[in-house]
Amino acid sequence: MALEHAILVSLDERSGTGYELARRFAKSIGFFWAATHQQIYRTLKRMADLGWVSVREVAQHGRPDKKVYAVAGPGQAELRRWLAEPGGPEHFRHDLAVKVRGASLGDAAALVAEVGRHRARHAERLDAYLAMAAQDFPDPTTLTGRPLHQYLVLSGGIRTERAMVEWCDEVLTALREDTRP
C-alpha cells in the first residue's frame, strides 16, 4: 500500500487540512500506517497534481490561508482500482523475532529487557485500542458500512496487540528459564 491510498481513505472519511490529516494519522490510521508531517504534505501536493484530491483555500485572519483537501473524482477511481487489486501476502517482519532467534549469540539479560520493552509498548497500544473500541463502538453487532469497517480494522489491531503481548510473555518466560544456572 502506498501512503496515497491511506490518505485517500482518510480524506474519503472526512476532508481536512494537512495538519488535520497528520493528527488523524497520529491517532488512528498511524497505528497501521505511519507517516511524518512532511511525507503527508509532499504526498498531498503530488495527489493534487494528479487530480486525485481537490484543494480549497480557506482564508484565515492574521494567519496564512489553509488548504482543505477532499477526494476528487480521479482519486475515487484510484481508490476503487486499488481496493479491487489483489494484494500479496503480508510478511511477518520483526526485528525482535530475529533477536530472539539469535538469543544464544548475545547478552540474554539485555534481550530480556528488550522483550520487556516491546511487551510494555504492545500492552499500552492494546489498552489504547480497547479504550477506543469501548468509546467509539460500544455495540459492534449493530454496525454497518463505514463504522463497521473502522471497527474491523480496530478489532484486527486488538487481536494483533493481544497476540504480541502473549508472545512476549512466552518469550520472557522461556528466556528466563533458559538462563537459569
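Residues numbered from 1 in each chain as written. Predicted model: local features only at pLDDT ≥ 70, side-chain atom pairs only at ≥ 80, totals over all residues. Heavy atoms only, no water.

A. Up close: the packing of helix H1 (residues 3–13) against helix H2 (residues 18–27). The N-to-C vectors of H1 and H2 enclose an angle of 100°; their axes lie 11 Å apart at closest approach. Accordingly, the angle class assigned to the pair H1 and H2 is roughly perpendicular. In contact with Leu 3, Ala 6, Ile 7, Ser 10 and Leu 11 of H1, H2 contributes Leu 21, Arg 24 and Phe 25. In the contact of H1 with H2, the residues fall into 6 nonpolar, 1 polar and 1 charged. (Axes fitted to C-alpha atoms, helices over the stretch in contact; angles between N-to-C directions. Helix = DSSP H or I, 4+ residues; strand = E, 2+ residues; numbered from the N terminus. Parallel < 35°, antiparallel > 145°, perpendicular 65-115°, else oblique. Contact = heavy atoms within 4.5 Å. Nonpolar A, V, L, I, M, F, W, Y, C, P; charged D, E, K, R; others polar.)

B. Geometry of helix H6 (residues 108–136). For H6, with 29 residues, the first-to-last C-alpha span of 41 Å sits near the 42 Å given by 1.5 Å per residue. What H6 keeps buried is the set Leu 111, Val 112, Glu 114, Val 115, His 118, His 122, Ala 123, Leu 126, Tyr 129 and Ala 133. Structurally, H6 contributes buried residues whose contacts are with helix H5 (95–101) and helix H7 (145–178). Regarding H6, its N-cap is Asp 107, as a side-chain oxygen of that residue lies 3.1 Å from the backbone nitrogen of Ala 109 further along. (Expected span 1.5 Å × (residues − 1). Buried < 20%, exposed > 50% of the residue type's maximum accessible area, 1.4 Å probe, protein only. Polar contact = N/O pair within 3.5 Å; in protein donor to acceptor, adjacent residues only side chain to side chain.)

C. How the structure looks around the pairing of strand E2 (residues 63–71). Bridge count for strand E1 (residues 53–60) against E2 is 7 bridges, and the pairing is antiparallel. When the sheet's bridge partners are listed, Val 55 is paired in E2 with Tyr 69. Where E1 hands over to E2, the hairpin turn is made up of 2 residues, of which Gly 62 adopts a positive phi near 75°. (Pairing = 2+ DSSP bridges.)

D. A look at the packing of H1 against helix H4 (residues 73–84). For the pair H1 and H4, interaxial distance at closest approach is 10 Å and the crossing angle is 120°. As H1 packs across H4, the resulting crossing turns out to be left-handed. Along the contact surface, H1 presents His 5, Leu 8, Val 9 and Asp 12, while H4 presents Gly 75, Gln 76, Glu 78, Leu 79, Arg 81 and Trp 82. Grouping the amino acids of the contact of H1 with H4 by side-chain chemistry returns 4 nonpolar, 3 polar and 3 charged. (Left-handed = near helix turned anticlockwise from the far one by under 90°.)

E. Broad picture of the domain arrangement of the protein chain. When its domains are assigned, the protein chain resolves into domain 1 (3–84) and domain 2 (95–179). Measuring from the centre of the C-alpha atoms in domain 1 to the corresponding centre in domain 2 gives 29 Å. Facing the 5 residues of domain 1 at the interface are 7 residues of domain 2. Summed over both sides, the interface between domain 1 and domain 2 buries roughly 560 Å², with carbon and sulfur atoms accounting for 60% of that surface. If you sort the residues of domain 1 by the area they bury against domain 2, Glu 13, Phe 31 and Phe 32 come out on top, with a joint share of 84%. The interface formed by domain 1 and domain 2 holds 1 salt bridge in total. The partner of Asp 12 in a salt bridge is Arg 146, and the shortest N-O contact between them spans 2.5 Å. Our count for the contact surface shared by domain 1 and domain 2 stands at 2 residue pairs in polar contact (both at pLDDT 80 or more). (Domains from an automatic or database assignment. Buried area = accessible area lost by both parts, 1.4 Å probe. Salt bridge = Lys/Arg side-chain N within 4 Å of Asp/Glu carboxyl O.)

F. Summary view of the packing of aromatic side chains. Enumeration over the complete set of coordinates arrives at 1 aromatic pair. On the numbers, 5.6 Å between centres and 65° between planes, the contact of Phe 137 with Tyr 151 is edge-to-face. Of the two residues, Phe 137 sits in the loop between H6 and H7 while Tyr 151 sits in helix H7, which places them 14 residues apart along the sequence. By relative accessible area, which is 11% here, Phe 137 ends up buried. (Phe/Tyr/Trp six-rings, centres within 6.5 Å; stacked < 30°, edge-to-face > 60°.)

G. Local environment of the side chain of His 5. In this fold, His 5 is placed in helix H1. Relative accessible area serves as the criterion here: at 7%, His 5 is assigned to the buried category. Setting aside residues up to four positions removed in sequence, His 5 forms contacts with Glu 78, Leu 79, Arg 81 and Trp 82.

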